[in-house]
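Understanding the architecture of this molecule
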Amino acid sequence: SEAAQSWAAANCNRMLHNAAILQFHADEPGTQNGEPWRTNVGGTRYMLDLCKKVGIRDLQYVSTAYVCGFRDTPALENELDVGQQFRNAYE
C-alpha cells in the first residue's frame, strides 16, 4: 500500500529480503510462468523496485544452496554459471 511504502521511506534505510517458495517443480514446465518464478524472481524484482521507489539503497538478499546444479567440484559464489545442467526448475 502507499501508506506502507511511505512508512518504509521514512523509517528504513535497509531492507532484508529472504522470502521465497521452495518448490522444485514448475507449475508450467518448460516456461518461466507460475511458481517458482512468480515468487522467487518476481518477488525479488518487486523488492528491488520497492527499494528504488522509497530510496532504500541497502538491500540484503538471502538465497539458498539450491542454485549450483550438477557439479562435482565446489560451487563458489563467483562461479554460479559454469555451463552445468540443473536438476529442477527451482535451480
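All of the points below concern the structure found in this document. In this numbering scheme, every chain counts its residues from 1 along its sequence in written order. Under the rules for a predicted model, residues below a pLDDT of 70 receive no local features and side-chain atom pairs below 80 are neither given nor counted, while totals for whole chains, interfaces and linings still include all residues. In computing side-chain values, all of the structure's heavy atoms are included and hydrogens and water are not.

Examining the overall build of the protein
A tally of regular secondary structure across the protein gives two helices and two strands. The way it works is that DSSP assigns letters per residue, a run of H or I at least four long becomes a helix, a run of E at least two long becomes a strand, and they are numbered from the N terminus. For the protein, the N- to C-terminal ordering of α and β elements is α-β-α-β. Taken along its principal axes, the extent of the C-alpha atoms in the protein is 45 × 30 × 15 Å. Here the protein holds 91 residues, and 24% of them are scored as buried. Whether two residues are in contact is decided by their heavy atoms: any pair within 4.5 Å suffices. A separation threshold of at least 6 residues defines the contact pool for the protein, and within that pool the share at least 24 residues apart is 55%. Residue exposure ignores everything except the shown protein chains as possible cover, and the areas themselves are Shrake-Rupley values with a 1.4 Å probe. Carbon together with sulfur atoms contributes 53% to the accessible area of the protein, which is approximately 6,800 Å² in total. For the protein, the distance from the average site of its 8 positive side-chain charges to the average site of its 11 negative ones is 7 Å. For each residue, the accessible area found with a 1.4 Å probe, counting protein chains only, is set against the maximum for its type, and the residue is called buried under 20%, exposed over 50%, and partly exposed in between. The sign given to each residue is positive for Lys and Arg and negative for Asp and Glu; His and the chain ends receive no count. Throughout, a charge is located at the NZ atom of Lys, the CZ atom of Arg, the CG atom of Asp or the CD atom of Glu.

Some details on unusual backbone geometry
The omega torsion of the bond from glutamate 35 to proline 36 falls at 5°, within 30 degrees of zero and hence cis. Structurally, proline 36 is set in the loop between β1 (14–17) and α2 (37–54).

Things to note about α2
Side chains three or four residues apart in an α-helix point the same way, a direct result of the helix having 3.6 residues per turn. The end-to-end C-alpha distance of α2 is 25 Å, a good match for the 26 Å that 18 residues give at a rise of 1.5 Å each. Bend, in this description, refers to the angle at a residue between axes fitted to the seven residues ending there and the seven starting there. Bending of α2 peaks at approximately 25° at the position of glycine 43. Trp37, Asn40, Thr44, Met47, Leu50, Cys51 and Val54 are the residues of α2 that are buried. Here the expected length of a helix is defined as 1.5 Å per residue gap, with one fewer gap than residues.

Some details on the pairing of strand β2 (residues 58–61)
Regular strands have side chains that alternate between both faces of the sheet. We call two strands paired when DSSP finds no fewer than two bridges between them. By the bridge criterion, four bridges tie β1 to β2 in an arrangement that is parallel. When the bridges of β2 are listed, methionine 15 appears paired with leucine 59. Here a crossover is taken to be right-handed if, once the strands point away from the viewer, the path from the first strand over the helix to the second is traced clockwise. One crossover worth recording links β1 to the parallel β2 by way of α2, and it is right-handed.

Some points on the environment of histidine 17
Within the secondary structure, histidine 17 is located in strand β1. Taking the relative accessible area as the measure of exposure, histidine 17 reaches 6% and is therefore buried. Here histidine 17 is in contact with Gly43, Thr44, Met47, Leu59, Gln60, Tyr61 and Val62, once residues within four sequence places are set aside.

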